[in-house]
Amino acid sequence: MAKRRAIPGGRNVPGRFSTRWHESAACKGKPVELFYGADGEDHAQRTARERVAVALCGGCIVRKQCAAHALAAREKYGVWGGTTEASREAERRKMPAA
């Protein structure tokens, strides 16, 4: 599996985005593989993995901050705040062009 730079909860995001909320994230300490698929992951594997990750996010007290961060930072990969890569892309398509 190729390693992704980002870690669930935003702990590796430099720059203008505040990520203090990540210390309270339900994903803190969970395996990164739950949130980021392996290269070559098939559709059924991705769907099952994302279902588990999104469920974990569902009970997270910082889910809204995490999801907002993922949209603002244009996170391309992984599950963030209960959002998947596909759901964030769909949300971005609905947003007016900057």
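The rules we used
- Residues numbered from 1 in each chain as written.
- Predicted model: local features only at pLDDT ≥ 70, side-chain atom pairs only at ≥ 80, totals over all residues.
- Heavy atoms only, no water.
- Helix = DSSP H or I, 4+ residues; strand = E, 2+ residues; numbered from the N terminus.
- Buried < 20%, exposed > 50% of the residue type's maximum accessible area, 1.4 Å probe, protein only.
- Contact = heavy atoms within 4.5 Å.
- Areas by Shrake-Rupley, 256 points an atom, 1.4 Å probe, with all protein chains shown as cover.
- Lys, Arg positive; Asp, Glu negative; His and termini not counted.
- Salt bridge = Lys/Arg side-chain N within 4 Å of Asp/Glu carboxyl O.
- Polar contact = N/O pair within 3.5 Å; in protein donor to acceptor, adjacent residues only side chain to side chain.
- Disulfide = S-S within 2.5 Å.

**Student:** How should the overall build of the protein be read in this particular structure?
**Tutor:** Along its length, the protein carries 3 helices and 0 strands. Its helices and strands taken in sequence order, the protein reads α-α-α from the N to the C terminus. The buried share of the protein, taken over its 98 residues, is 36%. The contacts in the protein between residues at least 6 apart in sequence include a share of 50% that link residues at least 24 apart. When the accessible surface of the protein is split by element, carbon and sulfur atoms take 55% of a total near 6200 Å².

**Student:** Hey, could you run me through the side chain of Glu75 in this one?
**Tutor:** Structurally, Glu75 can be placed in the loop between helix H2 (63–72) and helix H3 (85–94). Buried charge Glu75 goes without a salt bridge, the closest partner of opposite sign being Arg88 at 6.2 Å. Here the side chain of Glu75 touches His69 through a polar contact of 3.3 Å, side chain to side chain.

**Student:** What's the story with the state of the cysteines in this structure? I'm lost.
**Tutor:** What we call a disulfide is simply a covalent bond connecting the sulfur atoms of a pair of cysteines. Counted by the stated rule, this structure contains 0 disulfides. Distance from the sulfur of Cys66, which forms no disulfide, to the nearest cysteine sulfur (Cys27) is 6.0 Å.

**Student:** Sorry if this is basic, but what is going on with the environment of Val32 here?
**Tutor:** Take Val32: it is sitting in the segment before helix H1 (43–58). Overall, Val32 belongs to the partly exposed group, its relative accessible area being 23%. Taking the C-alpha atoms as reference points, Val32 and Gly78, 46 residues apart in sequence, are found 9.2 Å from one another.

None of this, on its own, says anything about what the molecule does.
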